[in-house]
Amino acid sequence: MKRRNQLLIFLSCLNILVLLSQPFTALANNMAAAVMGVPGLRSYNQGLNGLGLTGKGQVVAVADAGLDGGSMDTLHPDLKDRVVGVKDFSGDGWADPNGHGTHIAGSIVGTGLKSQGLVKGMAPEAGLYFQATYNDKDKNLHIPSVYDLLLDAYNAPGKPRIHVNSWGANFSDGIYDWAAYSLDKFVWEHPDMLVLKSAGNGYKTAKPFVSSPGAAKNALTVGATEGNRLVDSTTGNPGQVTGFSSRGTFDGRIKPEVVAPGTWILSTRKSNPDLAGDGYIGLYNQYYGYMSGTSMSTALTAGAVTLLRQYLVQKGLSPSAALLKAALIFGASPLPGVSSLDQGFGRVNVESSLLALDKGGARYGDNPGIKTGDKVTYTYVSNGQPFKAVLAYTDYPKTPGTGKDLVNDLDLKVIGPNGQEVYWGNGYIDGDRLNNTEEITIDEPKQGQTYTIEVSGYKVEHGPQPFALVYGALPYEGTISSATGDEVKFTDGKTVKITDNTGIRVVNDDTVVKNAQLKDIPAGAEGYLVFGPEGQPVHLDALYTTLSSKIQSKENNNQLVIWDGTRWALADGARIVVGHNEIKWSELPIESEVTLTLNPVSGEIWGINVQSMPDNSAFYPLPLTADEVKQAIQNSRSSGKVVLSAPAAREEDKPVTLAFSTDMAAAIAENGRPVELRLPGFTLAVPAAEFSRIGQSEQGAQLQIRVSWQSVGDQPLPAVDPLMYLRPVGQIVEVRSAIVWPDGSQLIISQSKNPVRVTVTSPLGATAGINLKRLGIYRLNELTGQWELLGNDYNPDTGKAEVVVNRLGKFAILEASRTFADISGHWARTDIEIMAARGIVRGMTPQLFAPDDTVTRGQFTAMLVRTLGLTGDARGVKFTDLPADYWCAADVAVAVKAGLVSGYGNGLFGPNDPITREQMAAMLVRAVNYGTIKTLPESTLKPGQFADQENISNWARTSVATVVQAGLMKGREQDMFAPQGLTTRAEAAAVMVRLLDYRGNHR
């Protein structure tokens, strides 16, 4: 069946663009690789066979939008030598429209050529066969049946046996459809082809299930965890499934089977960027960029399983897809506290899989098949370590819509010693009737006792049914806190004595330490211990990661921000050394060149080795004296605030430092009254409690607040929305605070514990063409390099805009301009552009506003809340049809609390119901009256004022008359008000502009 209307699920396409052109000093894709244990495979037997497991001899097929510029001559240098063939299904060439396919390919087979090997794929010596599917003219994927797509790859050069699909239908309903049938049919007929499918990124939608064909039984469906880069509040915890990662099927099967890192993944960037259309959330340099999504986690998993396949082929096997799936799941690490419905069988950990197969005596293989009633048994003598068994099989395809999805039903069972304990696959009693992958883990098996593994044919309609089984002891995994003498201690309290017969391998990234001993293992390494038949340690792998960079700032007493803007948290007990001397956290200077030793899984810093110190002067000149501070404190008794200004700042554009000694800061903190720091074009109001951050224990240090000004002329500044034009109005003001010691050591305080009020003054003067309604106060996001809107409260009479923040940085008053392709000539164009510039309305797509579409109750409520500048969260939501994670839940909660809206009275709010004009009138009256003593005077309708006023509901009559009298709403054609008429998006934007005008004129 042709599926020409499927869309790529590129949920990483946030269109946030930043260019960081620093030299490479840090690990990149390897950070995600380290979470999955890939460095342990890439360095496997490195001293014996050269490069270890790198994918050599394997070919991976990828079906995606396109690849780089669509020409072998201009292909990204990291990919050029890896491509064995390209098939264009799109009909208009195989160029990549948005960078997605290029990023995916680099995560699998990228060589890292343009990064000195630092940003490379999981299997950098594997071949790549690429199937381009996106037609840029009709904006659709041109995919034949999934069967034909897979068949083309199966017969491609190099005989690919792993196929990667980071695309899917543009919905996530988890049904077993014809695309899933087509996939299952192919794998049933070609059981050595492992097909990977991204789960999709639609979890926080009305249909949270995996996207088609992710519900296919014979696909390995992959979800996403957070990475270990602390970029924002949604990243940095690799033990948590991302909020966007889709999960589950309509019939309740386990999907995804595994999860892998999927946020802020750094990989190859296409050579000819399209700033408006590309899907990068950040750009590293001209060769590499960041993306997020289950697409990224699927690519990483594909590369990892390629290494497992290489290992099995080297062992003389021709592994089935079922065996690869079973081996991958066998080593997967369950995430503590996360439901199996969300994570499947756990996070990919190929180091654990390989050690079990290679060192731990785990047994594995393919069975040719069993029929209904058949049983195959295996025995295992426990060494006392946790035991695991995984059954996987390729099931017969099921015709969609006819009966349950599982056709051939096999059961996995483990029988304990003397038959006293029975364990069933996936925790079911008497057998799992849904899944063709089953797993059993026994955490505390009895050492020396025999366990029986049984695979049986419960119901095999099309047989015999082949299967794959992997079973045995799991390696012990944990973070090593110390390795001295003959003991290895882990952070969970476990201590293991290492003998002369224990093999030791220490891996720093992809490099093996030669002739490694326990003393070569740094604190914080991730340890993998394999135990022999008698429970003795026979092998120890210790993996760690190093990262060299420059410190940008320090936050929260345990976090470093390095030059690329990423944050890394210190582990408890982390050591900071300069040469052979250990120093305190407070003594670690900003802008030091450092080498960090990281745990590869958690990303926590266990060691900081300072390579070079910054060249800082001991003190900045003091623009304030102790007497000035003392006098200001005395004056605060009458004014209620400590007002300070810096004489040195009177010279325009000259940077100034307000420096407070320990005694000064203590006096201000003890006084308890807020401090107002006045400088040209800038005022900072700081609660007295902030001055307690420097205490008597920091004697000799200063609390410094540094302010500088920058003129940028009329040059546009980058916005979060790439189609937004930001024009500066006045200067950019930068404010920083730090604790500075006499030796030049600094502790940057970029996050205040108490909210501070920032006021920027930019009088318009003779500035031409400025639209006051498009002005706002912005702050630069230094990670993305984009200016983010903080508020629209600009007062043209004073030239001031103010906002309350918890983070300092660069601030400016900017004029925003934003338009859409479908509003040219529209009566509401000006109003729409004003509201878009203020961030109150947004397009249905980046280019289209859809001005004549109907507005819903949820949309209009969100517009009101943004127009009034209200903020809050979704904790106050009490409506049964409004989940707390729904897109407008927080806005509705704020609006209900403010008395702007209410529900229907039956527990429902109806966020997706269209809003009528009389409902809008009632909400407008409440919005105008909110937070002001100048309430809108009530009015009554004049007789015959509208030809249809008899149709206005009684409860809405006063509201309609009032908003019409105030000029907030107008009638429609032929003297009609149309009270039950629906509101268009253009009308809503126009009403919001009138609301702003009215409130501005009645302050």
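Cut-off values and rules
- Numbering of residues starts from 1 in each chain and follows the order in which that chain's sequence is written.
- Restriction of local features to residues with pLDDT of at least 70 applies here, the model being predicted, together with a cutoff of 80 or more for giving and counting side-chain atom pairs; totals for whole chains, interfaces and linings are based on all residues.
- The basis for every side-chain value is the complete set of heavy atoms in the structure, and neither hydrogens nor water enter the calculation.
- Per the convention used, a helix needs a DSSP run of H or I reaching at least four residues, while a strand needs a run of E reaching at least two, with both numbered from the N terminus.
- The size measure is the radius of gyration over C-alpha atoms, and the globule rule it meets is 2.2 Å times the number of residues to the 0.38 power.
- Think of it in three bands: with a 1.4 Å probe and only protein chains considered, a residue is buried below 20% of the maximum accessible area for its type, exposed above 50%, and partly exposed in between.
- Contacts are residue-level and defined by heavy atoms, with any inter-residue pair within 4.5 Å sufficient.
- The Shrake-Rupley method, run with a 1.4 Å probe, gives the accessible areas here. Residue values count only the displayed protein chains as cover.
- Positive charge is attributed to Lys and Arg, negative charge to Asp and Glu, and no charge count is given to His or to the chain ends.
- One atom stands in for each charge, and that atom is NZ of Lys, CZ of Arg, CG of Asp or CD of Glu.
- Only centres within 6.5 Å qualify two rings of Phe, Tyr or Trp (six-membered ring in Trp) as a pair; their planes then separate them into stacked at under 30 degrees, edge-to-face at over 60, and tilted for everything else.
- When DSSP finds two or more bridges between a pair of strands, those strands are recorded as paired.
- Lines fitted to C-alpha atoms define the axes here, with helix axes fitted over just the stretch in contact, and angles between the N-to-C directions of these axes take values from 0 to 180 degrees.
- For classification, angles of less than 35 degrees are called roughly parallel, those exceeding 145 degrees roughly antiparallel, those between 65 and 115 degrees roughly perpendicular, and all remaining angles oblique.
- By definition, any crossing whose near helix is turned counterclockwise from its far helix by less than a right angle is left-handed, and any crossing with a clockwise turn is right-handed.
- Three classes are used, and their members are as follows: Ala, Val, Leu, Ile, Met, Phe, Trp, Tyr, Cys and Pro are nonpolar, Asp, Glu, Lys and Arg are charged, and the others, Gly among them, are polar.
- Remark: nonpolar core denotes a set of buried residues (Ala, Val, Leu, Ile, Met, Phe, Trp, Tyr, Cys) joined through side-chain atoms within 4.5 Å.
- Domain start and stop points were drawn from an automatic or database domain assignment.
- Polar contacts here mean pairs of N or O atoms no more than 3.5 Å apart (in protein, one a potential hydrogen donor and the other a potential acceptor; neighbouring residues in sequence count only if both atoms are side-chain atoms).
- Salt bridge criterion: a side-chain nitrogen from Lys or Arg within 4 Å of a carboxyl oxygen from Asp or Glu.
- UniProt positions are given in the numbering used here, feature names are shortened, and annotations may be inferred rather than shown by experiment.
- pLDDT expresses, on a scale from 0 to 100, how confident the predictor is about each individual residue.

Trainee: Summarise the overall build of the protein; cite the residues concerned and give the values.
Mentor: For the protein, the helix and strand inventory stands at 18 helices and 46 strands. For the protein, the C-alpha radius of gyration of 32 Å lies close to 30 Å, the compact-globule estimate for 1003 residues. In terms of its C-alpha atoms, the protein occupies a principal-axis envelope of roughly 85 × 80 × 60 Å. Within the protein, the fraction of its 1003 residues that count as buried is 58%. For the protein, long-range pairs separated by at least 24 residues make up 75% of all intrachain contacts whose partners lie at least 6 apart in sequence. Accessible area of the protein: about 39,100 Å², with a carbon and sulfur share of 49%. On the protein, the mean spot of the 90 positive side-chain charges and the mean spot of the 100 negative ones are 2 Å from each other.

Trainee: Run through the packing of aromatic side chains, naming residues and quoting values.
Mentor: Per the stated rule, a full pass over the model turns up 16 aromatic pairs. Ring geometry for Tyr-378 versus Tyr-471: centroids 5.7 Å apart, planes at 50°, classification tilted. Note that Tyr-378 is positioned in strand β14 (residues 375-381) and Tyr-471 in strand β20 (residues 465-473), a separation of 93 residues in sequence. Taking the relative accessible area as the measure of exposure, Tyr-471 reaches 6% and is therefore buried. With a centroid separation of 5.2 Å and an interplanar angle of 45°, the aromatic rings of Phe-879 and Phe-909 are classed as tilted. Of the two residues, Phe-879 sits in the loop between α14 (857-868) and α15 (889-897) while Phe-909 sits in the loop between α15 and α16 (917-929), which places them 30 residues apart along the sequence. Comparing Phe-879 with Phe-909, the two get one shared label, buried.

Trainee: An account of the sheet that holds strand β12 (residues 288-291) is needed here, citing residue identities and associated values.
Mentor: An order of β10-β12-β11 is seen for the three strands of this open sheet, with the pairing classed as antiparallel. Lying at the two open borders of the sheet, with one neighbouring strand each, are β10 (265-268) and β11 (282-283). Summarising the sheet, β11 and β12 pair through two bridges and their orientation is antiparallel. Across the sheet, Gly-282 pairs through a bridge with Tyr-290, a residue of β12. Of the strands in this sheet, β10 and β12 touch helix α4 (residues 100-109), which is tilted by about 100° from β10.

Trainee: Describe the packing of α4 against helix α7 (residues 294-314), naming the residues involved and giving the relevant values.
Mentor: Their axes nearest at 8 Å, the elements α4 and α7 cross at an angle of 30°. Regarding the angle of α4 to α7, the classification is roughly parallel. The handedness of the crossing between α4 and α7 is right-handed. Residue-level contacts link His-100, His-103, Ile-104, Ser-107 and Ile-108 of α4 to Ser-295, Met-296, Ala-299, Leu-300, Ala-302 and Gly-303 of α7. Of the residues that constitute the contact of α4 with α7, the class distribution is six nonpolar, five polar and no charged.

Trainee: Any details on the nonpolar core? Residues and values, ideally.
Mentor: Core analysis: the largest hydrophobic core is formed by 67 residues, its most contacted members being Leu-67 and Ile-108. Broken down by element, this core gets its largest block of residues, 10 residues, from α7. Split by domain, this core shows at least three residues from each of two domains, domain 1 (29-357) and domain 2 (360-473). Among residues more than four places away in sequence, those in contact with Ile-108 are Val-60, Val-62, Gly-121, Met-122, Ala-123, Pro-124, Val-164, Ala-299, Ala-302 and Gly-303. Formed by 59 residues, the second largest nonpolar core is a distinct cluster that contains Ala-836, Phe-849, Phe-879 and Leu-936.

Trainee: Pulling in residues and values, what's your account of the side chain of Asp-395?
Mentor: Along the chain, the position of Asp-395 falls in the loop between β15 (387-392) and β16 (409-415). Accessibility expressed as a relative area gives 0% for Asp-395, which makes it buried. At 2.8 Å, the side chain of Asp-395 forms a polar contact with the side chain of Lys-217. Sequence-distant contacts of Asp-395, defined by excluding residues within four places in its chain, comprise Asp-184, Trp-188, Lys-217, Asn-218, Asp-405, Leu-406, Val-407, Asn-408, Asn-436 and Gln-465.

Trainee: I'd like to hear about the pattern of salt bridges, residue by residue, with values.
Mentor: One pass over the full model with this rule turns up 37 salt bridges. The salt bridge involving Lys-185 is made with Glu-189; its shortest N-O contact spans 2.8 Å. Taken together, the residues Lys-185 and Glu-189, both in helix α6 (residues 178-189) and four residues apart, mark about one turn of the helix. Accessibility expressed as a relative area gives 39% for Glu-189, which makes it partly exposed. Glu-833 is paired through a salt bridge with Arg-829; the nearest N and O atoms lie 2.9 Å apart. Taken as a pair, Glu-833 and Arg-829 lie in helix α13 (residues 829-837) at a separation of four residues, close to a single helical turn. A network of salt bridges, in which partner residues are shared, links Asp-251, Arg-253, Lys-398 and Asp-405.

Trainee: Give a description of the UniProt feature "active site" (unreviewed entry) in the protein that names residues and reports values.
Mentor: The positions that UniProt labels "active site" (unreviewed entry) are, in the present scheme, Asp-64, His-100 and Ser-295. Separation in sequence by 232 residues is not matched in space for these annotated residues, since their most distant C-alpha atoms are only 10.1 Å apart. Mapped onto the secondary structure, Asp-64 falls in strand β1 (residues 59-64). In this structure the side chain of Asp-64 is engaged in a polar contact, spanning 3.4 Å, whose partner is the backbone nitrogen of Gly-101. With respect to the secondary-structure elements, His-100 resides in helix α4.

Trainee: Talk me through helix α12 (residues 662-671); I want residue IDs and the actual numbers.
Mentor: For α12, the complete set of buried residues consists of Thr-662, Met-664, Ala-665, Ile-668 and Asn-671. Against α11 (626-639), β33 (642-645), β34 (656-661) and β35 (675-679) lie the buried residues of α12.

Trainee: Describe the sheet that holds strand β3 (residues 127-132), and please don't skip the residues or the numbers.
Mentor: Strand order in this open sheet of seven strands is β2-β3-β1-β6-β7-β8-β9, and the pairing throughout is parallel. One side of each edge strand has no neighbouring strand; the edge strands of this open sheet are β2 (83-88) and β9 (258-261). Strand-to-strand twist of the sheet, defined as the mean angle between neighbouring strand axes without regard to direction, takes the value 25°. Across four bridges, the pairing between strand β8 (residues 219-225) and β9 is parallel. Paired with Thr-225 across the bridge in β9 is Pro-261. Packing of helix α5 (residues 146-154) onto the sheet brings it into contact with β1, β2, β3, β6 (162-165) and β7 (194-198), and relative to β3 it is tilted by some 150°.

Trainee: Describe the environment of Phe-879, listing the residues and the values that go with them.
Mentor: Under the relative-accessibility criterion, Phe-879 is labelled buried at 17%. When the C-alpha atoms of Phe-879 and Gly-910 are compared, they prove to be 8.8 Å apart, with 31 residues separating the residues in sequence. Contacts of Phe-879, omitting those with residues within four sequence positions, involve Val-892, Val-896, Gly-903, Gly-907, Leu-908 and Phe-909.

Trainee: So what's going on with the side chain of His-103? Residues and values would help.
Mentor: By the secondary structure assignment, His-103 is in helix α4. Only 2.9 Å separates the side chain of His-103 from the backbone oxygen of Ile-265, close enough to count as a polar contact. A distance of 3.2 Å separates a polar side-chain atom of His-103 from the backbone oxygen of Gly-289. Look past the residues within four positions of His-103 in its chain and what remains in contact with it is Ile-265, Leu-266, Ser-267, Thr-268, Tyr-280, Gly-289, Tyr-290, Met-291 and Met-296.

Trainee: Break down helix α8 (residues 321-331) for me, citing the residues and quoting the values.
Mentor: For α8, the buried fraction is high: 11 of the 11 residues fall into the buried class. Ala-321, Ala-322, Leu-323, Leu-324, Lys-325, Ala-326, Ala-327, Leu-328, Ile-329, Phe-330 and Gly-331 are the residues of α8 that are buried.

Trainee: Please provide a residue-by-residue account of the confidence of the model for the protein, values included.
Mentor: On average, residues of the protein score 86 in pLDDT, and 90% of them are at 70 or above. Low pLDDT, under 50, characterises residues 1-28; the predicted model gives this stretch 125 contacts beyond four residues in sequence or across chains. Contacts for the low-pLDDT stretch residues 46-50, under 50 throughout, to residues beyond four places or in other chains number seven contacts.

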